[in-house]
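# Structure at a glance
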Amino acid sequence: TDRLKGKRALITAAGQGIGRATAEMFIAEGAELVATDLNADLLDGLDCETAALDVRNDAQVREIIDRVRPTVLFNCAGFVHHGTALDASDDDWAFGFDLNVHAMFRTIRAALPHMLAAGGGSIINMSSACSSVIGAPNRFVYGTTKAAVIGLTKSVAVDYIKQGIRCNAICPGTVESPSWHDRVKALGEEMGSYDKALEAFVSRQPMGRVATAKEIAALVTYLASDESAFTTGHPHIIDGGWSGQ
Ligand code: NAD
């Protein structure tokens, strides 16, 4: 219950799904947490400081991070574009990269000086098994952005390893969350059957089920804590065996 005691943490997209489950675990483990989301209403009920934060807005990112001065930063915000290279517009591409990748540059750029001043820190970036790890159908923009997150993570890790700052990425398989339910519904409409769509998502997970957000939060908590002091620069795959066959 005190694995994160003394850590000042900031989470983006903490309103629902993996971000929220992680916020709850960080609080339970004694972190001093500021939970943020584009939609601040979603942060209701979290027993910590909360703030509206659009990670696409650099001024907002700087203002909040300069105030919070986190030594743990969980970059969770991200968006799934559905489609192939022929389905994606330039705008889809630009939006995907802005939210899934550039936003991490913004928060990390703002947080690094504070971590350097504090003598260290831990940055955890949300990638996906669908990235440079594995290709998934209709995830052209998404998989490309999540692969970029791994490169970004390795670059930050190598540049700051001597200053006590660790930077890791996590690569979940399919995880139950509000936006995942929306994706199943949308695919169900496309396939003419919700059950078939659900089966398509579940069957690619060799364990025969998708992950709970809490299972992913446990990995983020480990990477935020000093228990993971010897790991940096890696994509940590947690995908129910999807890519490990
Ligand atoms: P979700 O998609 O249901 O929720 C996303 C949250 O992001 C919402 O609370 C939303 O308000 C917030 N958000 C959207 N735009 C934002 C912005 N500009 N600034 C700040 N917050 C913003 O949650 P999820 O499915 O747990 O996904 C969270 C992250 O995990 C994403 O990066 C996603 O790509 C990644 N991921 C999800 C899965 C999955 O199967 N659910 C698998 C691998 C990776």
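Note: the structure precedes this text.
Residues numbered from 1 in each chain as written. Predicted model: local features only at pLDDT ≥ 70, side-chain atom pairs only at ≥ 80, totals over all residues. Heavy atoms only, no water.

### What about the sheet that holds strand S2 (residues 32-37)?
Taken in spatial order, the 7 strands line up as S3-S2-S1-S4-S5-S6-S7 in an open sheet, and their pairing is parallel. Lying at the two open borders of the sheet, with one neighbouring strand each, are strand S3 (49-52) and strand S7 (235-238). For this sheet, the mean angle separating the axes of adjacent strands, direction not counted, is 20°. In the packing of helix H1 (residues 17-28) onto the sheet, the strands contacted are strand S1 (8-11), S2, strand S4 (72-75) and strand S5 (121-126), and the crossing angle to S1 comes to about 165°. (Pairing = 2+ DSSP bridges. Helix = DSSP H or I, 4+ residues; strand = E, 2+ residues; numbered from the N terminus. Axes fitted to C-alpha atoms, helices over the stretch in contact; angles between N-to-C directions. Contact = heavy atoms within 4.5 Å.)

### Details of H1
Taking 1.5 Å per residue as the helical rise, H1 with its 12 residues ought to reach 16 Å, and the 17 Å between its terminal C-alpha atoms agrees with that figure. Buried residues dominate H1, accounting for 9 of its 12 residues. If you follow the buried residues of H1, they end up packed against S1, S2, S4, S5, helix H5 (178-191) and helix H7 (213-224). Note on H1: the residue one or two positions beyond its end, Gly-30, has a positive phi of about 85°. (Expected span 1.5 Å × (residues − 1). Buried < 20%, exposed > 50% of the residue type's maximum accessible area, 1.4 Å probe, protein only.)

### Quick notes on the packing of aromatic side chains
Taken as a whole and assessed by the stated rule, the structure comprises 4 aromatic pairs. Centre to centre, the rings of Phe-79 and Phe-95 are 5.4 Å apart; their planes meet at 80°, and the pair counts as edge-to-face. You can see Phe-79 sitting in the loop between S4 and helix H3 (90-118) and its partner Phe-95 sitting in helix H3, a full 16 residues away along the chain. Ring geometry for Trp-180 versus Phe-201: centroids 5.8 Å apart, planes at 85°, classification edge-to-face. (Phe/Tyr/Trp six-rings, centres within 6.5 Å; stacked < 30°, edge-to-face > 60°.)

### Looking at the pattern of salt bridges
When charged atoms on two side chains of opposite charge get close, those side chains can pair. A full pass over the atoms with the stated rule returns 12 salt bridges. For Lys-7, the salt bridge is made with Asp-226, and the minimal N-O distance between the two is 2.6 Å. Residue Lys-7 is found in the segment before S1, and its partner Asp-226 is found in the loop between H7 and S7; the two are separated by 219 residues along the sequence. Judged by its relative accessible area of 16%, Lys-7 falls in the buried class. A residue is classified by how much of its surface remains accessible, and Asp-226, at 55% relative accessible area, is exposed. One salt-bridge network, held together by shared partners, links Arg-3, Glu-29 and Glu-227. (Salt bridge = Lys/Arg side-chain N within 4 Å of Asp/Glu carboxyl O.)

### Quick word on the packing of H3 against helix H4 (residues 140-160)
Where H3 meets H4, the closest approach of the two axes is 9 Å, and the angle between their N-to-C directions is 20°. When the interaxial angle is binned, H3 and H4 end up roughly parallel. Where H3 crosses over H4, the handedness of that crossing is right-handed. Contact with H3, carried on its side by Asp-92, Trp-93, Gly-96, Phe-97, Asn-100, Val-101, Met-104, Phe-105, Ile-108, Leu-112 and Leu-116, involves Phe-140, Val-141, Tyr-142, Thr-144, Thr-145, Lys-146, Ala-148, Val-149, Leu-152, Val-156 and Tyr-160 of H4 and no other residues of that element. (Parallel < 35°, antiparallel > 145°, perpendicular 65-115°, else oblique. Left-handed = near helix turned anticlockwise from the far one by under 90°.)

### Examining the site of the ligand
If you check the shell around the ligand, you find 28 residues, and the closest are Gln-16, Asp-37, Val-175, Ser-177 and Ser-179. Here Asp-54 contributes a side-chain N or O atom positioned 2.9 Å from a nitrogen atom of the ligand. At 2.6 Å from an oxygen atom of the ligand is found a side-chain nitrogen or oxygen belonging to Ser-177. Coverage of the ligand by the protein amounts to 91% of the 830 Å² it exposes when considered alone. Every element with two or more residues in the shell around the ligand is listed here: H1, H4 and H5. Per element, the largest residue contribution to the shell around the ligand is 3 residues, and it comes from H5. Here the residues of the shell around the ligand are counted per class, giving 14 nonpolar, 9 polar and 5 charged. (Near = heavy atom within 4 Å. Polar contact = N/O pair within 3.5 Å; in protein donor to acceptor, adjacent residues only side chain to side chain. Areas by Shrake-Rupley, 256 points an atom, 1.4 Å probe, with all protein chains shown as cover. Nonpolar A, V, L, I, M, F, W, Y, C, P; charged D, E, K, R; others polar.)

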